[in-house]
Structure formats: C-alpha cells, structure tokens
Amino acid sequence: MLAPWCEYENAEEPVLRLGQQAAAWWQERTAVERRGTLVVAARRDLPDLRRFARRTEGFREVGAELASLEPDLHGFSRGLFFEDEAHLDPRKALADLHAGLVARGVRFHHTEAPANLPNVIDCRGLGARDTLRDLRGVKGEMLVIRCPDVTLTRPVRLLHPRIPLYIVPRGNGVYMLGATMIESEDRRRITARSMLELLSAAYALSPAFGEAEILEVGVDLRPAFPNNLPRIRRIGGRIYANGLYRYGYLLAPALARGVADLALHNIRTEMVDEDRD
Amino acid sequence: MKLFYGTALPNPLMLGTAQYPSPAILEQAFRTSGAGVATVSLRREGAEGAGAAFWKMIQDLGVLVLPNTAGCHTVKEAVTTAHMAREVFGTRWIKLELIGHTDSLQPDVFQLVEAAKILTDDGFQVFPYTTDDLIVAERLLAAGCEVLMPWGAPIGSGRGLSNTYALRAMRAEFPEVPLVIDAGIGLPSHAAQAMELGYDAVLLNTAVARAGDPVAMARAMMRAIEAGRLAYQADPIEARDMAEASTPVIGKAFLS
C-alpha cells in the first residue's frame, strides 16, 4: 500500500513527507491503482476513528457516501476517506522493476557477486545484522484469500483497539489481509491466534469473507532500526540501505534516491546517519 | 515508600512497553519520565527466545523489569509464561494477569488466586492484577502475595478510577500492603487521583504509548504522580459543604 497519510497516524514525519513521492515514482514503472484508502471502525470503536483523524491529515469524513464508495462493506456508518492514497501489487511491481532494469542492460547475478566492484550497496535486510547491530526483526503475518462474493475496490483499514487490519484488493476476487506486528524474530509460521484475528477482522468487514478460500499464508520479519525509519550508512567502503520496516514500497524510492546521491555525488541526505571508512 | 518484596522503587511510575510507535520513542518516554519499572509481555513474543532483540532493549533501559503474563487465560499458561520470564529476565518478579472476560479483559480472580499460590510456592514474587474486591485481595495475600494491583478500569479503556469507594476501602483495609493501581488510567489527573488515595504506585501503558506525543504524556504522568503523592503526604483538607473563609472577617468593614 502506498498510504503515507494513514501510516503517519503512528509514524514519524519523514514517512508522511517522503512517502508522498512514492505513488508517482512507482506509476512510471508498474501499475498503480489510485483509488484512495477507506478507514472504518465498528460502532463501539468510534473513539479510535476520532483519534486516528486527529493524528493524521489528507482525508475527508464520509458517512452515507460509504455505501456508494464500497457497497459491500457491511454495517459501518462512518469512515475516513484518504482520496490521494494508492496501492499496487508488490509482486508485479518487483517483476516490472526487474524487467525494466534488464531492459536497461542491468545484469543480475544470482550466486556470488563479481569481485572488484567500484560500489557495493548492501540491501540484505536482516542479513546485514553482522554489521548493523541495531537492526531488529519485527514479525509480520498476512493472508491471501479469494472471495469473489465480496467486491472491494480500494484498501480498507479496520480500526480496533488491539488488531489494526487492512485488506487490499489484488483483483479477480483476491485480497491480501494484513498484517500483524509482533516484537518477535520467530519467522517460522503463523500462530493460530494471528490467523484468527486476521480472519475475524475480515469477517467484521463483511460476513461474506467467511466463505473465502485461503490461498496463502505469509510470515516474515521486517528489518527495523530503533526509530522504525530506514537508514543509509557507509561503512568500510560499502553502502548499507536498510530498516524499511513496514514502509518497503512507500519509502523505497526515497531510500534509493538517497543511496544514489551518496554513491554517485557524495551527497549525504537525511537518511544517512553514519559515514566512515 | 513501601518496599516491593524488599525492593524500594525509584519512584511510583510503572510503565508498560507495548504499542509505542517505535522502540526509540519507548526509550525516550522512559528517559524523560524517569519511570523506574518497565512491564513487559512474553506470551506473544516468546516462542523459543524469538523476542530476544526487543527484550534486550528493555533490559538496556536500566530500570527494574516486571515481566507479565498478559494474554494468559488459564493457570497453566500463566505458570508456564512466568517460568519463561524468570529464565529470560533473571527476576523472581512476575505480574500475574489471568484474563477471564474477552471484552472487558476482567481478571479471572478464581484462577488468579490459584496461580498466585502455585507461583509463590515456587519462589516467585507475584504482583497480581486483580479487581477491587476485598475478599479476593485477602485470598491473594493468604496465597503469599505481598503486593496487590487492583484495576482502576478495564485495560486500555482510559476511563480513570471507576470505583473510588472500593479503592479507598482497599487502601484502608490493607494499610501496610503496597498497592498499585493497574489499568484504566487515561489522563494524568487519574494517576494523581490514585496517588491522592494513598496508593503506592501506578502502572499504565496505553495512556502513554497511544498518546499523540508519548514522551510528553509520560512526563505529564510522572508529574501528576508526584503531585498526587505529595498531596497525600501533605494530609489534604476534608471537603465541606459550606464555605469556610480563609481570612477572618470579624472586625473588618465588610458590612459597610
């Protein structure tokens, strides 16, 4: 999801500012759906919706309009509509990015990197922990489901005191349900509790999700620094770009630009927090 | 200040470690407020030490760590989690939380007493999260607890002290027992009120972690707690129905 305004509810200012560049950047390279994000809460959790509204910007409040925006949403009377947000299919985006680079003559080596390269950019995520000691993993769990009975055309977030859930349409009745955030580095499998919470939240959005087919379960770790913001570091001639946390697609363009500025022009932009030989 | 199992707390603020926007903000909230105790959950993060990176950050705060059994619904789960906590943090302290009701997260006091006995017999120093019921409190003390942590209101509700009558009664009934208001605090005024009632400490998490500016709110809570404690020690006046002039009026030309 390219949702800088929604993410800003619980993130620091660079996420909002740098994240706003993302949709335009990706649009030049892959298909981007610009249909906004809807944020809703069950009647008893409306205080959370008010709090969410206070903590961010870039939305308008919707009531009766909800029914025309997403007719299949069930039982919600109020919501926030972040009209300028966008979403993409991450796997397609990566494939398109790869194809675009190959077309420009970039070569991909899938085993060892060639020796004597003038610039080495290390983007290994948690794998770079041998050097980046303050990196940690935050567990995330998600589901991909198919439910042709429900039609949602834009990402929907359901606020809840304990389980913030979002559902992103992938087309053809397929939806991504995400995502837990647990301070754990257990990347082996989803827990019953997490699956229950994700599916219960989907069911709360529309009971028709009860008939969904579960296509895929995803579990992995988000690499994160203590302030949950990405960082660029040049250590011993190698440039490290890491810590994208839950902002991979949102902040990758800004992170990449920062890396290029450092590698090509020796300019230290705001994400660079260490530069030593 | 009363001792908590023989340990003097640096101050009466116990701060939870969940739900902050980032560990960096969590750390600032601790540093700025000076909170002396950090509570930390193991249940969900725990599998085979997978939460180690986060736990190390908590330990690096340099404050007393009070692990909890948040999310446990049975005696068995709570006892297992307590053992894991003792191993991970090398402490005998355990905040015992046994949830009995999904929506209100009300403690299951029957299982709570049972688990408190098992853990105390096993050498743990139990901080039970309980209701304001005096009989349950007695049972917990009989089970070996030396601290009681009654709720102010349901966890995360931010409603403040729902039943000050019962909390006042508990303070009066157990004058020597360290008492901590745990859960339900939303505003600094709630925390101050808890201290004005003579409570020994306040434990809170959501009110700080989910505030727009958690660091500022942590500071506000600490100031309120200090104010409430000072007020309690200063022996406040009794409330009256009628005005009582602070300056004598007899002899003044107030009728002219």
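Everything quoted here is computed from the prediction, not taken from an experiment. (Residues numbered from 1 in each chain as written. Chains lettered and ligands numbered in written order. Predicted model: local features only at pLDDT ≥ 70, side-chain atom pairs only at ≥ 80, totals over all residues. Heavy atoms only, no water.)

Turning our eyes to something else, we now look at the packing of helix α5 (residues 134-142) of chain B against helix α6 (residues 164-173) of chain B. All names here are of chain B. Look at α5 against α6: their axes get within 10 Å of each other, and the N-to-C directions meet at 35 degrees. The two elements α5 and α6 meet at a crossing, and its hand is right-handed. Residues Leu134, Ala137 and Glu138 of α5 touch α6, and the partners they reach there are Ala169, Met170 and Glu173. When its residues are assigned to classes, the contact of α5 with α6 shows four nonpolar, no polar and two charged. (Axes fitted to C-alpha atoms, helices over the stretch in contact; angles between N-to-C directions. Helix = DSSP H or I, 4+ residues; strand = E, 2+ residues; numbered from the N terminus. Left-handed = near helix turned anticlockwise from the far one by under 90°. Contact = heavy atoms within 4.5 Å. Nonpolar A, V, L, I, M, F, W, Y, C, P; charged D, E, K, R; others polar.)

A few words on the pairing of strand β4 (residues 79-82) of chain A. Residue and element names in this part refer to chain A. What you see with β4 is no split at all: Gly79 and Phe81 on one side and Leu80 and Phe82 on the other are buried throughout. The pairing of strand β2 (residues 37-41) with β4 spans four bridges and is antiparallel. Counted as the bridge partner of Leu38 is Phe81 from β4. Here three bridges tie strand β3 (residues 60-62) to β4, and the two strands are oriented antiparallel to one another. (Buried < 20%, exposed > 50% of the residue type's maximum accessible area, 1.4 Å probe, protein only. Pairing = 2+ DSSP bridges.)

All names here are of chain B. Within the secondary structure, Asp108 sits in the loop between β4 (93-96) and α4 (109-121). In this structure, Asp108 is buried with no salt-bridge partner, the nearest side chain bearing the opposite charge being Arg139 at 13 Å. Here Phe110 takes part through its backbone nitrogen, which lies 3.1 Å from a polar atom of the side chain of Asp108. Those residues in contact with Asp108 that lie beyond four places of it in its chain are Leu98, Ile99 and Gly100. (Lys, Arg positive; Asp, Glu negative; His and termini not counted. Salt bridge = Lys/Arg side-chain N within 4 Å of Asp/Glu carboxyl O. Polar contact = N/O pair within 3.5 Å; in protein donor to acceptor, adjacent residues only side chain to side chain.)

All names here are of chain A. Taken together, the four strands give an open sheet; going across it, the order is β6-β13-β12-β14, and neighbouring strands pair in mixed fashion. At either end of the open sheet lies a strand with only one pairing partner, and these are β6 (120-122) and β14 (272-276). Ignoring which end each strand starts from, the neighbouring axes of this sheet average 15 degrees apart. One ladder, built from three bridges, connects β6 with strand β13 (residues 238-242); its direction is parallel. Each bridged residue has a counterpart across the sheet, and for Asp122 the counterpart in β13 is Tyr240.

Let's shift gears to the interface of chain A and chain B. When the parts come together, some accessible area is lost, and that loss is often what is quoted as the size of the interface. Listed by partner, the interface residues are 23 residues for chain A and 21 residues for chain B. Buried area between chain A and chain B, both sides added, is near 1,800 Å², and the carbon and sulfur share of it is 45%. Between the two partners, chain A and chain B, sit one salt bridge. For Arg210 of chain B, the salt bridge goes to Glu9 of chain A, with nearest N and O atoms at 3.8 Å. Where chain A meets chain B, there are four residue pairs in polar contact (both at pLDDT 80 or more). Breaking the side of chain A that touches chain B down by element, the ones donating at least two residues are α4 (46-55) and α7 (192-205) of chain A. Of all the elements, α7 of chain A adds the most residues to the side of chain A that touches chain B, at three residues. Residue classes in the side of chain A that touches chain B are distributed as three nonpolar, six polar and 14 charged. (Buried area = accessible area lost by both parts, 1.4 Å probe.)

Residues and elements named next belong to chain A. Taken together, the side chains of Leu101, Val102, Val106 and Phe108 present a nonpolar region at the surface, about 290 Å² in accessible area. When you line up the elements, Val106 lands in the loop between α6 (90-103) and β6. Given the relative accessible area of 34%, Val106 is considered partly exposed. (Patch = residues over 30% accessible without salt bridge, like charges linked within 9 Å, V, L, I, M, F, W, Y side chains within 5 Å. Areas by Shrake-Rupley, 256 points an atom, 1.4 Å probe, with all protein chains shown as cover.)

The next point concerns the pattern of salt bridges. The final tally for this structure, using the stated rule, is 37 salt bridges over all chains. With its nearest N and O atoms 3.1 Å apart, the salt bridge here joins Lys2 of chain B to Asp200 of chain B. Separated by 198 residues along the polypeptide, Lys2 of chain B in the segment before β1 (13-16) and Asp200 of chain B in the loop between α7 (188-196) and β8 (201-204) bring together distant segments of the chain. Judged by its relative accessible area of 8%, Asp200 of chain B falls in the buried class. Glu97 of chain B is the salt-bridge partner of Lys95 of chain B, the closest N and O atoms lying 3.1 Å from each other. Residue class for Lys95 of chain B comes out buried when judged on its relative accessible area of 6%. On the accessibility criterion, Glu97 of chain B (7% relative accessible area) is buried. The network of salt bridges with common partners includes Asp134, Arg231, Arg233, Asp273, Glu274 and Arg276 of chain A.

Soluble globular proteins: nonpolar side chains tend toward being buried together. By size, the foremost hydrophobic cluster in this structure holds 75 residues, and its most contacted members are Phe4, Met14, Leu15, Leu96, Val126 and Phe127 of chain B. At six residues, helix α3 (residues 75-89) of chain B tops the list of elements feeding residues into this core. Counting residues in each nonpolar core, the second largest holds 29 residues, with Trp26, Val32, Leu244 and Val272 of chain A among its members. (Core = buried A, V, L, I, M, F, W, Y, C linked by side-chain atoms within 4.5 Å.)

What follows deals with the UniProt feature "active site" (unreviewed entry) in chain B. Residue and element names in this part refer to chain B. UniProt's entry tags Lys95 with the feature "active site" (unreviewed entry), counted in the numbering of this structure. Within the element layout of this structure, Lys95 appears in strand β4. With sequence-adjacent residues up to four places away left out, Lys95 is seen in contact with Leu66, Pro67, Asn68, Thr69, Phe127, Tyr129, Met149, Asp182 and Leu203. (UniProt positions renumbered as here; feature names shortened; annotations may be inferred.)

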